[in-house]
Amino acid sequence: RIDVSLSVSPVRDAVGQVVGGSVIARDVTDERRNEARVRSILDTAVDGIIVIDTRGHIQLVNPAVERLFGYTAQEMIGQNVSMLMPSPTREQHDESLGRYLATGDKRIIGIGREVEGRRRDGTRLPIALSVSETTFGHERTFTGILHDLTELKRTEARLRDQAELARLGQMAAVIAHEVRNPLAGIRGALDVIGRRLPADSRDKPVLVDVVGRLESLNQFVNDLLLFSRPERAVTGRHALLPLFERLAALLKNDPEFAGIESLPIRPRVKTAPNIERP
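Since we're looking at a predicted model, the values are computed, not measured.

Engineer: How should the overall build of the chain be read in this particular structure?
Structural biologist: When helices and strands are counted, the chain shows 7 helices and 7 strands. A compact globule built from 278 residues would reach a C-alpha radius of gyration of about 19 Å, whereas the chain, at 38 Å, exceeds it by more than 25%. Summarising its shape, the C-alpha atoms of the chain cover approximately 140 × 60 × 40 Å along the three principal directions. Taking the contacts inside the chain whose residues are at least 6 apart along the sequence as the reference set, 40% of them involve residues at least 24 apart. Separation of charge centres in the chain, based on 40 positive and 38 negative side chains, amounts to 5 Å.

Right, here's the structure in full:
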(Lines give C-alpha, C1' and ligand atoms only; values in the text may rest on other atoms or scores of the structure.)
Protein backbone atom coordinates (compact mmCIF):
# COMPACT_ATOMS: atom_id res chain seq x y z
CA ARG A 1 0.00 0.00 0.00
CA ILE A 2 1.02 3.58 -0.64
CA ASP A 3 -0.33 6.93 0.51
CA VAL A 4 -1.92 8.97 -2.26
CA SER A 5 -3.55 12.36 -2.56
CA LEU A 6 -6.69 12.20 -4.73
CA SER A 7 -8.14 15.12 -6.67
CA VAL A 8 -11.57 14.29 -8.20
CA SER A 9 -13.20 16.62 -10.76
CA PRO A 10 -16.33 16.29 -12.93
CA VAL A 11 -16.04 16.01 -16.73
CA ARG A 12 -18.76 17.98 -18.55
CA ASP A 13 -19.93 17.99 -22.15
CA ALA A 14 -20.50 21.02 -24.38
CA VAL A 15 -23.81 21.88 -22.70
CA GLY A 16 -22.43 21.50 -19.19
CA GLN A 17 -23.82 18.09 -18.35
CA VAL A 18 -21.66 15.82 -16.22
CA VAL A 19 -20.67 12.90 -18.38
CA GLY A 20 -17.87 11.48 -16.27
CA GLY A 21 -15.11 12.24 -13.82
CA SER A 22 -11.38 12.62 -13.70
CA VAL A 23 -9.21 11.42 -10.87
CA ILE A 24 -5.65 12.56 -10.30
CA ALA A 25 -3.66 10.51 -7.81
CA ARG A 26 -0.37 11.77 -6.40
CA ASP A 27 1.98 9.56 -4.41
CA VAL A 28 2.57 11.22 -1.01
CA THR A 29 4.24 8.27 0.70
CA ASP A 30 7.54 10.13 1.16
CA GLU A 31 5.74 13.20 2.47
CA ARG A 32 3.89 11.10 5.04
CA ARG A 33 7.13 9.46 6.08
CA ASN A 34 8.76 12.86 6.50
CA GLU A 35 5.77 14.06 8.51
CA ALA A 36 6.00 11.00 10.73
CA ARG A 37 9.73 11.59 11.17
CA VAL A 38 9.17 15.22 12.14
CA ARG A 39 6.38 14.25 14.52
CA SER A 40 8.63 11.64 16.12
CA ILE A 41 11.31 14.30 16.66
CA LEU A 42 8.77 16.70 18.18
CA ASP A 43 7.27 14.05 20.44
CA THR A 44 10.62 12.89 21.83
CA ALA A 45 12.27 16.32 22.16
CA VAL A 46 13.32 17.18 25.72
CA ASP A 47 12.71 20.90 25.22
CA GLY A 48 9.31 22.41 24.63
CA ILE A 49 8.40 23.49 21.08
CA ILE A 50 5.54 25.93 20.37
CA VAL A 51 4.41 27.26 16.98
CA ILE A 52 2.20 30.38 16.88
CA ASP A 53 0.71 32.48 14.07
CA THR A 54 0.89 36.25 13.60
CA ARG A 55 -2.02 36.73 16.01
CA GLY A 56 -0.17 34.88 18.75
CA HIS A 57 -2.48 31.87 18.60
CA ILE A 58 -0.92 28.49 19.31
CA GLN A 59 -0.88 26.17 16.32
CA LEU A 60 1.30 23.32 17.57
CA VAL A 61 2.85 22.13 20.82
CA ASN A 62 4.90 19.05 21.60
CA PRO A 63 4.50 16.82 24.69
CA ALA A 64 7.36 18.60 26.47
CA VAL A 65 5.22 21.76 26.57
CA GLU A 66 2.39 19.79 28.16
CA ARG A 67 4.78 18.53 30.84
CA LEU A 68 6.21 21.99 31.46
CA PHE A 69 2.94 23.88 31.88
CA GLY A 70 0.42 21.23 32.91
CA TYR A 71 -2.03 21.91 30.05
CA THR A 72 -3.04 19.38 27.40
CA ALA A 73 -2.37 20.13 23.74
CA GLN A 74 -6.13 20.44 23.14
CA GLU A 75 -6.38 23.10 25.85
CA MET A 76 -3.56 25.17 24.33
CA ILE A 77 -4.05 24.91 20.54
CA GLY A 78 -6.06 27.87 19.30
CA GLN A 79 -5.46 29.92 22.45
CA ASN A 80 -3.20 32.93 22.73
CA VAL A 81 0.31 31.96 23.79
CA SER A 82 0.12 34.63 26.50
CA MET A 83 -1.83 32.10 28.58
CA LEU A 84 1.58 30.59 29.40
CA MET A 85 3.01 33.90 30.63
CA PRO A 86 2.76 35.66 34.01
CA SER A 87 1.78 39.29 34.37
CA PRO A 88 2.87 41.84 33.18
CA THR A 89 4.42 39.92 30.25
CA ARG A 90 1.00 38.41 29.48
CA GLU A 91 -0.56 41.83 28.85
CA GLN A 92 2.43 43.10 26.84
CA HIS A 93 2.82 40.14 24.48
CA ASP A 94 0.28 41.06 21.78
CA GLU A 95 1.60 44.64 21.69
CA SER A 96 5.18 43.41 21.28
CA LEU A 97 4.19 40.99 18.50
CA GLY A 98 2.22 43.69 16.68
CA ARG A 99 5.14 46.13 16.93
CA TYR A 100 7.49 43.57 15.41
CA LEU A 101 5.10 42.82 12.51
CA ALA A 102 4.70 46.54 11.83
CA THR A 103 8.28 47.73 12.26
CA GLY A 104 10.51 44.65 12.17
CA ASP A 105 11.97 45.71 15.51
CA LYS A 106 13.33 42.50 17.01
CA ARG A 107 13.07 42.25 20.75
CA ILE A 108 13.30 38.47 21.06
CA ILE A 109 13.02 37.06 17.51
CA GLY A 110 16.31 35.33 16.72
CA ILE A 111 17.70 36.31 20.13
CA GLY A 112 17.62 33.81 22.99
CA ARG A 113 16.93 35.12 26.45
CA GLU A 114 15.71 34.04 29.86
CA VAL A 115 12.01 34.54 30.63
CA GLU A 116 9.42 33.32 33.11
CA GLY A 117 6.54 30.99 32.29
CA ARG A 118 3.32 30.39 34.19
CA ARG A 119 2.09 26.87 34.85
CA ARG A 120 -1.54 25.87 35.00
CA ASP A 121 -1.44 25.93 38.82
CA GLY A 122 -0.13 29.51 38.78
CA THR A 123 3.45 28.74 39.76
CA ARG A 124 6.27 30.29 37.75
CA LEU A 125 9.20 28.57 36.12
CA PRO A 126 12.41 30.00 34.60
CA ILE A 127 12.79 29.30 30.88
CA ALA A 128 15.48 29.85 28.28
CA LEU A 129 13.50 30.94 25.20
CA SER A 130 14.66 31.24 21.61
CA VAL A 131 12.24 32.25 18.83
CA SER A 132 12.64 31.88 15.07
CA GLU A 133 10.40 33.04 12.22
CA THR A 134 9.32 30.88 9.29
CA THR A 135 7.20 31.62 6.21
CA PHE A 136 5.17 28.94 4.43
CA GLY A 137 3.73 30.44 1.29
CA HIS A 138 2.21 33.70 2.52
CA GLU A 139 1.75 32.53 6.12
CA ARG A 140 4.24 33.65 8.76
CA THR A 141 4.70 31.56 11.86
CA PHE A 142 6.96 31.76 14.90
CA THR A 143 8.58 28.77 16.57
CA GLY A 144 9.68 28.96 20.18
CA ILE A 145 12.12 26.54 21.80
CA LEU A 146 11.71 26.43 25.59
CA HIS A 147 14.31 24.94 27.91
CA ASP A 148 13.40 24.47 31.58
CA LEU A 149 15.98 26.19 33.82
CA THR A 150 14.49 25.08 37.15
CA GLU A 151 17.19 22.56 38.00
CA LEU A 152 19.93 24.92 36.79
CA LYS A 153 18.61 27.66 39.07
CA ARG A 154 18.57 25.26 42.01
CA THR A 155 22.16 24.26 41.30
CA GLU A 156 23.19 27.92 41.05
CA ALA A 157 21.48 28.63 44.39
CA ARG A 158 23.32 25.72 46.04
CA LEU A 159 26.63 26.96 44.64
CA ARG A 160 25.93 30.47 45.92
CA ASP A 161 25.13 29.07 49.36
CA GLN A 162 28.34 27.05 49.34
CA ALA A 163 30.32 30.12 48.30
CA GLU A 164 28.72 32.15 51.10
CA LEU A 165 29.54 29.41 53.61
CA ALA A 166 33.12 29.31 52.35
CA ARG A 167 33.47 33.08 52.86
CA LEU A 168 31.84 32.77 56.26
CA GLY A 169 34.28 30.00 57.15
CA GLN A 170 37.22 32.20 56.22
CA MET A 171 35.83 35.06 58.28
CA ALA A 172 35.14 32.73 61.22
CA ALA A 173 38.69 31.40 61.09
CA VAL A 174 40.06 34.94 61.25
CA ILE A 175 37.72 35.85 64.12
CA ALA A 176 38.61 32.70 66.00
CA HIS A 177 42.32 33.44 65.68
CA GLU A 178 42.03 37.12 66.57
CA VAL A 179 39.58 36.59 69.46
CA ARG A 180 40.66 33.33 71.00
CA ASN A 181 44.25 34.40 71.62
CA PRO A 182 43.29 37.57 73.56
CA LEU A 183 40.62 35.60 75.42
CA ALA A 184 43.18 33.02 76.49
CA GLY A 185 45.49 35.79 77.74
CA ILE A 186 42.68 37.53 79.64
CA ARG A 187 41.51 34.25 81.13
CA GLY A 188 45.04 33.44 82.28
CA ALA A 189 45.43 36.87 83.89
CA LEU A 190 42.09 36.51 85.68
CA ASP A 191 43.09 33.11 87.01
CA VAL A 192 46.25 34.66 88.46
CA ILE A 193 44.27 37.52 90.02
CA GLY A 194 41.70 35.07 91.38
CA ARG A 195 44.35 33.00 93.12
CA ARG A 196 45.76 36.12 94.76
CA LEU A 197 42.40 37.30 96.11
CA PRO A 198 41.40 36.21 99.60
CA ALA A 199 38.71 33.57 99.72
CA ASP A 200 36.27 35.98 101.42
CA SER A 201 36.98 38.88 99.03
CA ARG A 202 33.90 40.74 97.76
CA ASP A 203 35.55 40.94 94.34
CA LYS A 204 35.62 37.15 94.00
CA PRO A 205 32.02 36.84 92.64
CA VAL A 206 32.67 39.64 90.17
CA LEU A 207 35.77 37.86 88.94
CA VAL A 208 33.83 34.59 88.58
CA ASP A 209 31.14 36.40 86.59
CA VAL A 210 33.73 37.91 84.25
CA VAL A 211 35.29 34.49 83.68
CA GLY A 212 31.84 33.07 82.92
CA ARG A 213 31.22 35.77 80.32
CA LEU A 214 34.59 35.05 78.74
CA GLU A 215 33.59 31.39 78.52
CA SER A 216 30.32 32.42 76.84
CA LEU A 217 32.25 34.51 74.31
CA ASN A 218 34.61 31.62 73.63
CA GLN A 219 31.63 29.30 73.14
CA PHE A 220 30.14 31.81 70.70
CA VAL A 221 33.33 31.65 68.63
CA ASN A 222 33.13 27.85 68.69
CA ASP A 223 29.49 27.99 67.55
CA LEU A 224 30.45 30.35 64.72
CA LEU A 225 33.11 27.92 63.54
CA LEU A 226 30.65 25.03 63.74
CA PHE A 227 28.05 26.98 61.74
CA SER A 228 30.54 27.89 59.02
CA ARG A 229 31.90 24.33 58.81
CA PRO A 230 28.99 22.14 59.87
CA GLU A 231 29.80 18.58 60.73
CA ARG A 232 27.73 15.68 59.48
CA ALA A 233 24.78 15.15 61.79
CA VAL A 234 24.80 11.96 63.84
CA THR A 235 21.33 10.68 64.62
CA GLY A 236 20.36 8.50 67.53
CA ARG A 237 18.12 8.20 70.56
CA HIS A 238 18.69 10.81 73.26
CA ALA A 239 17.00 11.78 76.48
CA LEU A 240 15.34 15.20 76.15
CA LEU A 241 15.22 16.13 79.84
CA PRO A 242 18.99 16.69 80.26
CA LEU A 243 18.94 18.75 77.06
CA PHE A 244 16.29 21.10 78.42
CA GLU A 245 18.06 21.32 81.78
CA ARG A 246 21.25 22.41 80.00
CA LEU A 247 19.25 24.90 77.96
CA ALA A 248 17.72 26.40 81.10
CA ALA A 249 21.15 26.65 82.74
CA LEU A 250 22.51 28.40 79.66
CA LEU A 251 19.65 30.89 79.53
CA LYS A 252 20.15 31.81 83.17
CA ASN A 253 23.52 33.34 82.25
CA ASP A 254 21.65 35.97 80.24
CA PRO A 255 20.20 38.78 82.41
CA GLU A 256 17.05 38.84 80.27
CA PHE A 257 16.29 35.26 81.33
CA ALA A 258 17.46 35.54 84.93
CA GLY A 259 13.99 34.59 86.22
CA ILE A 260 13.74 31.35 84.29
CA GLU A 261 13.25 28.23 86.35
CA SER A 262 12.98 24.52 85.65
CA LEU A 263 9.68 22.95 86.65
CA PRO A 264 9.53 19.33 87.80
CA ILE A 265 8.31 16.86 85.21
CA ARG A 266 4.80 15.72 85.99
CA PRO A 267 3.82 12.14 85.23
CA ARG A 268 1.47 11.72 82.31
CA VAL A 269 -2.13 11.19 83.41
CA LYS A 270 -4.38 9.14 81.21
CA THR A 271 -7.80 10.69 80.70
CA ALA A 272 -11.05 8.92 80.06
CA PRO A 273 -12.33 9.08 76.47
CA ASN A 274 -14.84 11.72 75.37
CA ILE A 275 -13.90 14.00 78.30
CA GLU A 276 -12.71 17.45 77.31
CA ARG A 277 -9.63 18.62 79.13
CA PRO A 278 -9.43 22.36 80.00
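Engineer: What am I meant to see in the pairing of strand β7 (residues 139-148) here?
Structural biologist: As a general feature of sheets, a regular strand has side chains that alternate between the two faces. As paired elements, strand β3 (residues 48-52) and β7 share 5 bridges and run antiparallel to each other. Residue Ile52 lies in a different strand from β7, and its bridge partner there is Phe142. Here strand β6 (residues 124-136) folds back onto β7, and the loop between the two strands holds 2 residues, one of which, Gly137, carries a positive phi near 65°.

Engineer: What is the right way to read the environment of Leu190 from this model?
Structural biologist: Take Leu190: it is sitting in helix α5 (residues 150-196). Given the relative accessible area of 13%, Leu190 is considered buried. For Leu190 and Leu60, which are 130 residues apart along the polypeptide, the C-alpha to C-alpha distance reads 80 Å. Sequence-distant contacts of Leu190, defined by excluding residues within four places in its chain, comprise Leu207, Val210, Val211 and Leu214.

Engineer: Whenever I open this one, the nonpolar core confuses me. Can you help?
Structural biologist: Burial of nonpolar side chains together is a common tendency in soluble globular proteins. Grouped together as the largest cluster of nonpolar side chains are 24 residues, with contacts concentrated most on Ile50, Ile58, Phe69, Met76 and Leu84. Where this core is concerned, the elements lending two or more residues are β3, β4 (58-61), α2 (63-69), α3 (73-76), α4 (89-103), β6 and β7. Within the second largest apolar cluster, 6 residues are counted, among which are Leu168, Val221, Leu224 and Leu225.

Reading the values: rules and limits
Residues numbered from 1 in each chain as written. Predicted model: local features only at pLDDT ≥ 70, side-chain atom pairs only at ≥ 80, totals over all residues. Heavy atoms only, no water. Helix = DSSP H or I, 4+ residues; strand = E, 2+ residues; numbered from the N terminus. Rg over C-alpha atoms; globule rule 2.2 N^0.38 Å. Contact = heavy atoms within 4.5 Å. Lys, Arg positive; Asp, Glu negative; His and termini not counted. Charge placed at Lys NZ, Arg CZ, Asp CG, Glu CD. Pairing = 2+ DSSP bridges. Buried < 20%, exposed > 50% of the residue type's maximum accessible area, 1.4 Å probe, protein only. Core = buried A, V, L, I, M, F, W, Y, C linked by side-chain atoms within 4.5 Å.

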